[in-house]
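Below, each chain spelled out in residue letters.
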Amino acid sequence: MIKINKLLSLLIIFLIINCNYQFVKADAESKALDIINRYRDIARYTFFTTDGHLEKYPSGFCGGTTPIEDCKWDEYIEAVILLSAITLIIAAITLIFGIIFWIFRCLCFGGCKPTHGVLCPGPKYDPDIGEGYTKGRVFVLKLITLILVAGCVAVFITSLKGNSSTTSGINNLSDTVFNKTSYTLEQLVEISNELNQTKYQQFDQKQEIQSQLTQLINDGEDLESKGEDISSNAKDVNNIRTKIIIVGLVLCMVAAGIIGLSALFGLPRVSRAASITLVILIPFMWIVFSVHYPINSVVADICISYDTTGVQQFSNFSNPIITQVFEGCKNESNTISVFEDLESLVNDLLKNATDTSCNKINDACSMHFQRYPDDNPLLTPYQQYVLDCPPTLTCSNSTLSIYLFNTTIHDFNVKCKNAPTCGDLSTCDLSTPGVVMTCGWVNVSSVNACSEGGCQYNQQVVNTTQQIMEIYDLLTSLTNLWNEKVVPLIKCSYLMPFIDEIQNIVCVDEVNSLDLLIAPTAIFAILLTGLGITGILGTKRFNSKYRVSSKA
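The model shown is predicted, which means the values in this text are computed figures rather than measured ones.

**Q** Sorry if this is basic, but what is going on with the overall build of the chain here?
**A** Looking only at helices and strands, one finds twelve helices and six strands in the chain. The burial tally for the chain puts 42% of its 552 residues in the buried class.

Below you can see the structure in the form of structure tokens.
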């Protein structure tokens, strides 16, 4: 009873975990689909590649151009890059204005000391006569500063998570593609090694098949080598990107924290120093946003071809990239185009092997000898066929096993007609025609049984059955190799789990990860801009000397 309770408990826990996983997965896919739809609806424009005319670019990857070779890449790239034009301009303006502001801070923009006047400094405030910053105004500024710092903490954590997830996704994508290439290559090498066995040498198509495999393996090794370099370089660049963003995020958070501390403890000089660093850090955050924002637009274009959530609102072949990948899968055999010649050669080989086996069987079916009733040489003999072939059956790949395992074969011995016992050839001159007769006929269950020792007398029958079974065994071995190792490798169904895995990485994980990085960095830049303003104001207001004197 206790064991049953434990088993039920474990089963319930497993079901809860599984349901929770399915819920989380569905939730992630639903979020990704919302993001994809959002990016799909964003208008894109071209200007430089359309002779200085601002024109709306069609939606979809490369404007939905099919086939992909007809894509005007310069227009598509410009349309994607221009998505970040406004934020890049903001970054440039922020940088230029920030530098100008701090260079001329003491001459204009309010001055370095509390004075009358808005831009150009006027007479200084005199706290003793009631001029300066009131406690209420200072308190409000500090409160706003701390609220902005709190907001920075939230987006800082979110951005770090998004950056980390994006890095993992890119590395995972690289590993998945490389591992698939390596696995396919390993399978091809294994198939090639098996075909190199001596038993397959008798097939005419073997050499041509081997040549096809060798070419595929060579191409695969070249692709694997290039893929490894690309994968390594992609990871290196991705890791550099990750580190730069982490350093930038940390510096931004440190600057925000310092401004917050300067507000709490009244440190105007510290506030000034932190605010100066924001001249670089704010444009940096806008640049981070500007770099990643178009990436998600491209990813959304690609993922429109995928049905990521089971909603069935996207056609699997609506995107030119997917159309290109599955172009060769539209044939009747559903074979990847690069393997079509190999499939044709192997099919011919299998057909020829089947025909050879059937020819041997047909020869056996027509083989007959004179059989004397009761082994009596005085009685009239009749023709006895060695193999009881079904009269209405035609030998083929589907019926071959019936001939070999379910058809009776007749074995027999011989003797001199004047000999008293079967098998005795000592009583006659064997060179004289007609002095030898068949005898001792035995029914053997099948051709296979005969080849394995069931036939004990007629060596001609034994040799024939052994040849037939040898070819059949080769045919079976080759068919198993083809069906178990080659077919799963060359059919388009082989790509589907891989495509599904890529889809989950790119269209779910990476879309969500990028969104956790893109939106928070823009918000971070806005919050830092607000902190920059409060930090600048704090360079004077956080100084207790510049506040209204209590004596006034």
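Still to come is the rest of the account.
**Q** Would you mind going over the confidence of the model for the chain with me for this structure?
**A** In low-pLDDT regions, the fine details of the predicted coordinates are not to be read closely. On average, the chain scores 78 in pLDDT, and the residues at 70 or more come to 81%. Residue range residues 1-24 is modelled with pLDDT below 50. Its contacts to residues more than four positions away, or to other chains, number zero contacts.

**Q** Hey, could you run me through the packing of helix α10 (residues 447-454) against helix α11 (residues 459-490) in this one?
**A** The packing of two helices is summarised by the inter-axis angle and the distance between the axes. The interhelical angle for the contact between α10 and α11, taken along N-to-C directions, is 115°, at an axis separation of 8 Å. The two elements α10 and α11 cross, and the hand of that crossing is left-handed. Where α10 abuts α11, its residues Val447, Asn448, Cys450 and Ser451 lie against Val461, Val462, Thr465, Gln466 and Met469. A breakdown of the residues in the contact of α10 with α11 according to their chemical character gives five nonpolar, four polar and no charged.

**Q** For this particular structure, what's the right way to read the nonpolar core?
**A** Across soluble globular proteins, you tend to see nonpolar side chains buried next to one another. In this structure, Ile361, Phe524 and Leu528 are the most contacted members of the largest nonpolar core, which totals 95 residues. Top element by residues in this core is helix α12 (residues 495-541). It accounts for 16 residues. Apart from residues no more than four positions distant in its own chain, Leu528 is found in contact with Cys152, Cys252, Ala256, Leu278, Ile282 and Met285. Ranked by size, the runner-up nonpolar core spans seven residues in total, among them Cys62, Cys71, Tyr76 and Ala79.

**Q** Explain the packing of helix α3 (residues 85-103) against helix α6 (residues 268-303) here, please?
**A** Where α3 contacts α6, the two axes come as close as 8 Å, and the packing angle between them is 165°. When the axis of α3 is compared with that of α6, the two are roughly antiparallel. Between α3 and α6 lies a crossing of left-handed hand. Of α6, the residues touching α3 (which contributes Thr87, Leu88, Ile90, Ala91, Thr94, Leu95, Gly98, Ile99 and Trp102) are Arg272, Ser275, Ile276, Val279, Ile280, Ile282, Pro283, Trp286, Ile287, Phe289 and Ser290. The residue makeup of the contact of α3 with α6, split by class, is 14 nonpolar, five polar and one charged.

**Q** Hey, could you run me through the environment of Val288 in this one?
**A** Mapped onto the elements of the fold, Val288 is located in helix α6. Taking relative accessible area as the criterion, Val288 reaches 6% and is therefore assigned buried. Distance in space between the C-alpha atoms of Val288 and Gly248 is 9.3 Å, their sequence separation being 40 residues. Apart from the residues lying within four places of it in its own chain, the contact partners of Val288 are Ile245 and Thr521.

**Q** Just to check I follow, could you spell out α3 for this structure?
**A** Two residues of an α-helix separated by three or four positions point the same way, owing to the 3.6 residues in each turn. The end-to-end C-alpha separation of α3 is 27 Å, in line with the 27 Å expected for 19 residues at 1.5 Å each. Where α3 is concerned, the buried positions are Thr87, Ala91, Gly98, Phe101 and Trp102. Each buried residue of α3 sits inside an arc of 110° when the element is viewed along its axis, so together they form one side. Exposed side of α3, more than 90 degrees from the buried face: Ile86, Ile93, Ile96 and Ile103 are the residues found there.

**Q** What should I look at first to understand the pattern of salt bridges in this one?
**A** Per the stated rule, a full pass over the model turns up five salt bridges. The salt bridge involving Asp515 is made with Arg38; its shortest N-O contact spans 2.9 Å. Of this pair, Asp515 sits in helix α12 while Arg38 sits in helix α1 (residues 2-40), and the two are 477 residues apart along the sequence. Between Lys235 and Asp175 there is a salt bridge; the shortest N-O distance is 2.4 Å. Pair noted here: Lys235 is in helix α5 (residues 206-265) and Asp175 is in helix α4 (residues 135-195), with a separation of 60 residues, a long-range link. For Lys235, a relative accessible area of 25% gives the class partly exposed. Connected via shared salt-bridge partners are Glu190, Glu194 and Lys485.

**Q** Sorry if this is basic, but what is going on with the packing of aromatic side chains here?
**A** Given two aromatic rings, one states the distance between the centres and the angle between the planes to describe the pair. Following the criterion strictly, the structure yields seven aromatic pairs and no others. Geometrically, the ring pair formed by Tyr57 and Tyr76 is tilted, given 6.0 Å between the ring centres and 45° between the ring planes. Taken together, the residues span a long stretch of sequence, with Tyr57 in strand β2 (residues 55-57) and Tyr76 in helix α2 (residues 73-81) at a distance of 19 residues. Accessibility expressed as a relative area gives 9% for Tyr57, which makes it buried. Taken together, a centroid distance of 4.7 Å and an interplanar angle of 55° make the contact between Phe369 and Phe412 tilted. Here Phe369 is found in strand β3 (residues 368-371), whereas its partner Phe412 is found in strand β5 (residues 409-416), with 43 residues between them in sequence. Put simply, the rings of Trp286, Phe289 and Tyr293 pair up and form one aromatic cluster.

**Q** I'm lost on unusual backbone geometry in this one. Help?
**A** When glycine is set aside, most residues are seen to have a negative phi, and most peptide bonds are trans. Of note, the phi angle at Asp51 is positive, near 55°, even though the residue is not glycine. Along the chain, the position of Asp51 falls in the loop between β1 (44-46) and β2. Note on Asp51: relative accessible area 70%, which makes it exposed. Positive phi values are uncommon outside glycine, yet Asp374 reaches one of about 55°. With respect to the helices and strands, the residue Asp374 is situated in the loop between β3 and β4 (382-385). A residue is classified by how much of its surface remains accessible, and Asp374, at 74% relative accessible area, is exposed.

**Q** Looking at this structure, I do not really get the state of the cysteines. What am I missing?
**A** All told, the structure shown has five disulfides when counted by the stated rule. Residue Cys422 pairs covalently with Cys439 via a disulfide, S to S 2.0 Å. Between Cys422 and Cys439, the disulfide has an S-S torsion of 85° and is therefore right-handed. Here Cys422 is found in the loop between β5 and β6 (436-444), whereas its partner Cys439 is found in strand β6, with 17 residues between them in sequence.

**Q** What exactly am I supposed to notice about the pairing of β5 here?
**A** Residues in a regular strand point their side chains to alternate faces of the sheet. Along β5, six of the eight residues are buried, which leaves the element largely enclosed by surrounding structure. Pairing analysis gives seven bridges linking β5 to β6, with the strands arranged antiparallel. Its bridge partner lying in β6, Lys415 is registered against Met437.

**Q** Explanation requested: a nonpolar patch on the surface in the structure shown.
**A** A contiguous nonpolar surface patch, about 790 Å² in accessible area, is contributed by Leu146, Ile246, Val250, Val254, Ile258, Leu261, Leu264, Phe265, Leu267 and Val270. The element contributing the most residues to the nonpolar patch is α5, with seven residues. Tracing the backbone shows Phe265 in helix α5. Relative accessible area serves as the criterion here: at 60%, Phe265 is assigned to the exposed category.

Thresholds applied
Here the residue numbering is sequential within each chain, running from 1 through the sequence in written order. The predicted nature of this model means local features are confined to residues of pLDDT at least 70 and side-chain atom pairs, given and counted, to a pLDDT of 80 or more, with totals for whole chains, interfaces and linings taken over all residues. Only hydrogens and water are removed before side-chain values are computed, so all heavy atoms of the structure are retained for them. Helix and strand assignments follow DSSP, with helices taken as H or I runs no shorter than four residues and strands as E runs no shorter than two, numbered in order from the N terminus. Only protein chains enter the calculation, and the probe is 1.4 Å; a residue is then buried if its accessible area is under 20% of its type maximum, exposed if over 50%, and partly exposed in between. As a per-residue quantity, pLDDT reports the predictor's confidence and falls between 0 and 100. Contacts are residue-level and defined by heavy atoms, with any inter-residue pair within 4.5 Å sufficient. Lines fitted to C-alpha atoms define the axes, with helix axes restricted to the stretch in contact, and inter-axis angles between N-to-C directions lie between 0 and 180 degrees. Helix crossings are classified by the rotation of the near helix relative to the far one: an anticlockwise turn of less than a right angle makes the crossing left-handed, while a clockwise turn makes it right-handed. Amino acids are sorted into nonpolar (Ala, Val, Leu, Ile, Met, Phe, Trp, Tyr, Cys and Pro), charged (Asp, Glu, Lys and Arg) and polar (every other residue, Gly among them). We call a set of buried Ala, Val, Leu, Ile, Met, Phe, Trp, Tyr and Cys residues a nonpolar core when their side-chain atoms join them within 4.5 Å. Orientation categories follow fixed angle ranges, with anything under 35 degrees roughly parallel, anything over 145 roughly antiparallel, 65 to 115 roughly perpendicular, and all other angles oblique. Working rule for helices: expected span equals 1.5 Å times residues minus one. Starting at the helix axis, one direction is taken to each C-beta atom, and the arc is that of these directions. Salt bridge criterion: a side-chain nitrogen from Lys or Arg within 4 Å of a carboxyl oxygen from Asp or Glu. Only Phe, Tyr and Trp rings are paired, with Trp represented by its six-membered ring, and only when their centres lie within 6.5 Å; those with planes under 30 degrees apart are stacked, over 60 edge-to-face, the remainder tilted. The disulfide definition used here is simple: a pair of cysteine sulfur atoms within 2.5 Å. The criterion for strand pairing is that DSSP finds at least two bridges linking the strands in question. Like-charged residues within 9 Å of one another, or nonpolar side chains (Val, Leu, Ile, Met, Phe, Trp, Tyr) within 5 Å, are grouped into patches, provided each residue has over 30% relative accessible area and no salt bridge. The Shrake-Rupley method, run with a 1.4 Å probe, gives the accessible areas here. Residue values count only the displayed protein chains as cover.

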